[in-house]
Amino acid sequence: RRFDPLPDDSTCPVCGYFDINHPDVRAILLARDPTKVLLSRAQCQCKSLAAKAERDELFRWEQSNLPHKADPRTFASFQQNPGLAEAITRAKRFAGLQGPRTLVLLGETGTGKSHLLEAIGRHVLGATGWSVRYDQVTALLDRFRSTYSDGARESLDDLIAWHQRRMVVLLDDLGANAGTDWAVERLTSFLDERMRMGYWTALATNLDAGEMQAALGDRLASRLFQTNPEVGEVSRCTLLAGDYRVRGGR
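Residues numbered from 1 in each chain as written. Predicted model: local features only at pLDDT ≥ 70, side-chain atom pairs only at ≥ 80, totals over all residues. Heavy atoms only, no water.

In terms of burial, strand 1 (residues 102-106) is largely enclosed, as five of its five residues are buried. On strand 1, burial covers both faces: Thr 102, Val 104 and Leu 106 on one face and Leu 103 and Leu 105 on the other are all buried. In this structure, strand 1 lies alongside strand 4 (residues 200-205), joined through five bridges in parallel fashion. Residue pairing in the sheet places Leu 106 in a bridge with Thr 205 of strand 4. Bridge count between strand 1 and strand 5 (residues 234-238): five bridges; the pairing is parallel. Directly across from Thr 102, in strand 5, lies its bridge partner Val 234. (Buried < 20%, exposed > 50% of the residue type's maximum accessible area, 1.4 Å probe, protein only. Helix = DSSP H or I, 4+ residues; strand = E, 2+ residues; numbered from the N terminus. Pairing = 2+ DSSP bridges.)

Turning our eyes to something else, we now look at the packing of helix 6 (residues 137-146) against helix 8 (residues 181-197). For the pair helix 6 and helix 8, the least separation of the axes is 11 Å and the interaxial angle reads 105 degrees. The angle between helix 6 and helix 8 falls in the class roughly perpendicular. Along the contact surface, helix 6 presents Val 137, Leu 140, Leu 141, Phe 144 and Arg 145, while helix 8 presents Trp 182, Ala 183, Arg 186, Leu 187 and Phe 190. Within the contact of helix 6 with helix 8, the residues separate by chemical class into eight nonpolar, no polar and two charged. (Axes fitted to C-alpha atoms, helices over the stretch in contact; angles between N-to-C directions. Parallel < 35°, antiparallel > 145°, perpendicular 65-115°, else oblique. Contact = heavy atoms within 4.5 Å. Nonpolar A, V, L, I, M, F, W, Y, C, P; charged D, E, K, R; others polar.)

Below, the discussion takes up the packing of helix 4 (residues 85-95) against helix 5 (residues 113-127). Orientation of helix 4 relative to helix 5, taken along the N-to-C sense of each, is 30 degrees, at an axis distance of 9 Å. As the angle between them shows, helix 4 and helix 5 are arranged roughly parallel. The hand of the helix 4/helix 5 crossing is right-handed. Between helix 4 and helix 5, the residues in contact are Ala 87, Ala 91, Phe 94 and Ala 95 and Leu 116, Ile 120, His 123 and Val 124, respectively. (Left-handed = near helix turned anticlockwise from the far one by under 90°.)

The next point concerns unusual backbone geometry. Unlike most non-glycine residues, Lys 36 shows phi in positive territory, near 75 degrees. Within the element layout of this structure, Lys 36 appears in the loop between helix 1 (23-32) and helix 2 (37-42). The exposure class of Lys 36 is partly exposed, given its relative accessible area of 47%. With a phi close to 60 degrees, His 68 is a non-glycine residue in the positive phi region.

A word on helix 8. The first and last C-alpha atoms of helix 8 sit 24 Å apart over 17 residues, in line with the 24 Å expected at 1.5 Å per residue. Within helix 8 the residues assigned to the buried category are Ala 183, Val 184, Leu 187, Thr 188, Phe 190, Leu 191, Asp 192, Arg 194 and Met 195. Just beyond helix 8, the residue with positive phi is Gly 198, at close to 75 degrees. (Expected span 1.5 Å × (residues − 1).)

This part takes up the packing of aromatic side chains. Enumeration over the complete set of coordinates arrives at three aromatic pairs. When the centroid spacing of 5.3 Å and the interplanar angle of 75 degrees are considered together, the rings of Phe 94 and Trp 200 count as edge-to-face. Remark: Trp 200 occurs in strand 4 and Phe 94 occurs in helix 4; sequence separation between them is 106 residues. As far as the burial class goes, Phe 94 and Trp 200 line up, both buried. Aromatic side chains Tyr 148 and Trp 182 sit 5.8 Å apart centroid to centroid with 80 degrees between the ring planes, which places their arrangement in the edge-to-face category. In this pair, Tyr 148 sits in the loop between helix 6 and helix 7 (156-164) while Trp 182 sits in helix 8, placing the two residues 34 residues apart along the sequence. (Phe/Tyr/Trp six-rings, centres within 6.5 Å; stacked < 30°, edge-to-face > 60°.)

The next subject is the pattern of salt bridges. Counting across every chain of the model gives 14 salt bridges. In this structure, the salt-bridge partner of Glu 57 is Arg 60, at a minimum N-O distance of 2.9 Å. Separated by three residues within a single helix, Glu 57 and Arg 60 lie in helix 3 (residues 49-62), roughly one turn from each other. A residue is classified by how much of its surface remains accessible, and Arg 60, at 12% relative accessible area, is buried. (Salt bridge = Lys/Arg side-chain N within 4 Å of Asp/Glu carboxyl O.)

Note that every value here comes from positions in space, so none of it alone points to a role or purpose.
Spelled out as structure tokens, the structure:
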């Protein structure tokens, strides 16, 4: 019988064995051997504290899923055009783990929202020992949905739990495609849980409040576009610049 290979981001760069807490690794190895003997044998072999520290640090970066490894987007490389000062300030404050724990970046395509999300992730990874996870919302929902297919390697609950253990989650293109009722409910539940638990979450979207309400429902729109200052859960900012890539930025 042919089995799926173990994912690259689960391989320890120090000893060559595996992070058995990775949801794909557990699913694949338990499918091969439900007795868990194979799972135990595959476990990372790093014994020294230094080796474990190196492994954990490399895993943090690899499993963050941040794009542009060859040409990373950072705060230093962000083109600070007129109309972006407030967004940069809010993004840097969030990256410094200050202020509201949910950040919503609003703006048209090309205004720099994705750049700022990546910059936040790279700053947090470099300045702290925290875990970070970046995902396009469509890709994340597709991954959730795949757990229902025949031969799925992981359960939906395990996959969601793994993502919820990331200290900072960055979700790009929220509402890019109108979702099914299932997708809307799953996304709303995921974000509700993060906000309820006080986890750090930054989102980028092209939708205003009315558009989000129409595409993703009242419940999610109400949480992300809340206006009561006494609640103080959400920091929200609109990027007013035009498409800065046309002017030579990223």
